Amino acid sequence: MRENFCIMPVYFYWGEDQFQLEQAVKNLRQQVVDPLWESFNFEKFAGEDAVAVQAALAQAMTPPLGGGDRLVWLMNTTLGQRCSAELLADLELTLPQIPPNCHLLLTSTQKPDSRSKAVKLLQQHGNIQEFNPIAPWKTAEIEQQIREAAQRYQLHLPPEGLQLLAEAVGNDSRQLRNELEKLALFAGDRPLTAEDITTLVHATQQNSLTLASTLLRGDTAAALTQLEDLLLQNEPPLRLLATLTKQFRTWLWVKLLSHERDNQRIAKLAEVGNPKRVYFLQKEVNAVALPSLQACLQILLATEYQLKVGAEPVATLRQGMIQLSLTCSRRSWGDRSGGGDN
């Protein structure tokens, strides 16, 4: 089972893309554990409990029974953020001594603190992998992810079909897998058309960037509908706000630099990866007053603060979206700021 499979026996998987992380855990489990001996050689432990961590470390030192290797999974571990002196001593003693036919897996949604002695120890003796979703505004990376995933299903997607799929699933890797499986069953051996994808893939998923554009247009009704759609898809409110904040900050920078003629310089200052995108960003904010964009960032920061101090998420987000939309719909602030649009 382990032929040509030479890896370190310690793994730390972290990130918010739970689907990809789960798939990585599943693949590791299939690679190292003999299914006939799984009940003896595969165990899970709670990663927040110090006693459970010590038990997992002890189990990782125990040779497997029967065929295959042993896999010990420490779930939702907090060792990447905090580690007591006692647990650190246990790690220092255990990690270098784990047998080659035993594997210790740690998983967490939180990024490990690189300054932590425990994390440095894990880096020294193990393999740390990140599983975070692609930022929703990185459309080129999302399309590349879809293209690579489609190849695994032996699907040929036309360019317009690729764009349709990217708009429908965004950075949701779980939904992407589900949609590709459906398309593969439908296509069989024939190539897919854009019409096939439009028919089969329900493009009801709105991403946070679509919502940002709707808010910028001042379309309150559409913005609230898109917000409801995102919440139904279990989009984390703080992540949604982070995307909106980044997008509105980009628009603000582009508006502030409207006097500049060098798109390379604008892209650098506004942290826009592709300078060619600056032209389109300028068109998007052309009719929006500079004070409106400044006020939008204040609204976003206030909404984020309210959520972090425990305000009810849905009502707070709705109120914030209404304020943003109404603010963007005010094309002139001359009556309040003493002058017109900058």
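Just so you know, these numbers come straight off a predicted model, no measurement behind them.

This part is about the domain arrangement of the protein. The domains assigned to the protein are domain 1 (10–130), domain 2 (139–200) and domain 3 (204–329). Using only C-alpha atoms to locate each centre, domain 1 and domain 2 end up separated by 34 Å. Opposite the six residues of domain 1 that make contact, domain 2 presents four residues. Roughly 400 Å² of surface becomes buried between domain 1 and domain 2 when both sides are summed, with 42% attributable to carbon and sulfur atoms. Taken as a group, Asp-17, Phe-19 and Gln-20 account for 85% of the area that domain 1 buries against domain 2, more than any other trio of residues on that side. Put simply, domain 1 and domain 2 have one salt bridge between them. In this structure, the salt-bridge partner of Arg-174 is Glu-22, at a minimum N-O distance of 3.2 Å.

The contact between helix α1 (residues 18–32) and helix α8 (residues 173–187) brings their axes to 7 Å, and the two run at 70°. It follows that α1 is roughly perpendicular to α8 by the angle criterion. Here α1 contributes Gln-18, Phe-19, Gln-20, Glu-22 and Gln-23 to the contact with α8, which in turn contributes Ser-173, Arg-174 and Arg-177. For the contact of α1 with α8, the residue count by class is one nonpolar, four polar and three charged.

Of note, Gln-233 is situated in the loop between α11 (220–232) and α12 (237–256). When the C-alpha positions of Gln-233 and Asp-172 are compared, they lie 9.8 Å apart, and in sequence the two are 61 residues distant.

Let us now look at α8. In this model α8 runs 21 Å from its N-terminal to its C-terminal C-alpha over 15 residues, within 8% of the 21 Å that 1.5 Å per residue would give. Listed in full, the buried residues belonging to α8 are Ser-173, Gln-175, Leu-176, Glu-179, Leu-180, Leu-183 and Ala-187. All buried residues of α8 lie within an arc of 145° about the axis, which places them on one face of the element. Its buried side turned inward, α8 meets α1, α6 (139–152), α7 (159–169) and α9 (194–200). N-capping of α8 is provided by Asp-172, with a side-chain oxygen placed 3.1 Å from the backbone N of Arg-174. One or two steps after α8, the chain reaches Gly-188, where phi turns positive at roughly 65°.

For α11, built from 13 residues, the straight-helix expectation of 18 Å at 1.5 Å per residue is met to within 8% by its first-to-last C-alpha distance of 18 Å. Three or more residues of α11 are buried, namely Ala-223, Gln-226, Leu-227, Asp-229, Leu-230 and Leu-231. Turning to α11, the residues buried within the fold contact α10 (208–217), α12 and α16 (313–329). Once α11 ends, the next one or two residues include Asn-234, with phi positive near 60°.

A word on the confidence of the model for the protein. On average, residues of the protein score 86 in pLDDT, and 92% of them reach the 70 mark or higher. In this model, residues 334–342 is a region of pLDDT below 50 whose contacts with residues beyond four sequence positions or in other chains number 14 contacts.

Quick look at a nonpolar patch on the surface now. A cluster of nonpolar side chains, Leu-36, Trp-37, Phe-40 and Leu-65, forms an exposed patch at the surface whose accessible area comes to about 430 Å². With a relative accessible area of 44%, Leu-65 lands in the partly exposed category.

A few words now on the sheet that holds strand β5 (residues 127–130). Within the open sheet, the five strands sit side by side as β2-β3-β4-β1-β5. Their pairing is parallel. Only two strands of the sheet have a single partner each, and these edge strands are β2 (42–46) and β5. For this sheet the average axis-to-axis angle between neighbouring strands, irrespective of direction, equals 20°. Pairing analysis gives five bridges linking β2 to strand β3 (residues 70–75), with the strands arranged parallel.

Procedures and definitions
Residues numbered from 1 in each chain as written. Predicted model: local features only at pLDDT ≥ 70, side-chain atom pairs only at ≥ 80, totals over all residues. Heavy atoms only, no water. Domains from an automatic or database assignment. Contact = heavy atoms within 4.5 Å. Buried area = accessible area lost by both parts, 1.4 Å probe. Salt bridge = Lys/Arg side-chain N within 4 Å of Asp/Glu carboxyl O. Axes fitted to C-alpha atoms, helices over the stretch in contact; angles between N-to-C directions. Helix = DSSP H or I, 4+ residues; strand = E, 2+ residues; numbered from the N terminus. Parallel < 35°, antiparallel > 145°, perpendicular 65-115°, else oblique. Nonpolar A, V, L, I, M, F, W, Y, C, P; charged D, E, K, R; others polar. Expected span 1.5 Å × (residues − 1). Buried < 20%, exposed > 50% of the residue type's maximum accessible area, 1.4 Å probe, protein only. Arc of directions from axis to C-beta. Polar contact = N/O pair within 3.5 Å; in protein donor to acceptor, adjacent residues only side chain to side chain. pLDDT = per-residue confidence, 0-100. Patch = residues over 30% accessible without salt bridge, like charges linked within 9 Å, V, L, I, M, F, W, Y side chains within 5 Å. Areas by Shrake-Rupley, 256 points an atom, 1.4 Å probe, with all protein chains shown as cover. Pairing = 2+ DSSP bridges.

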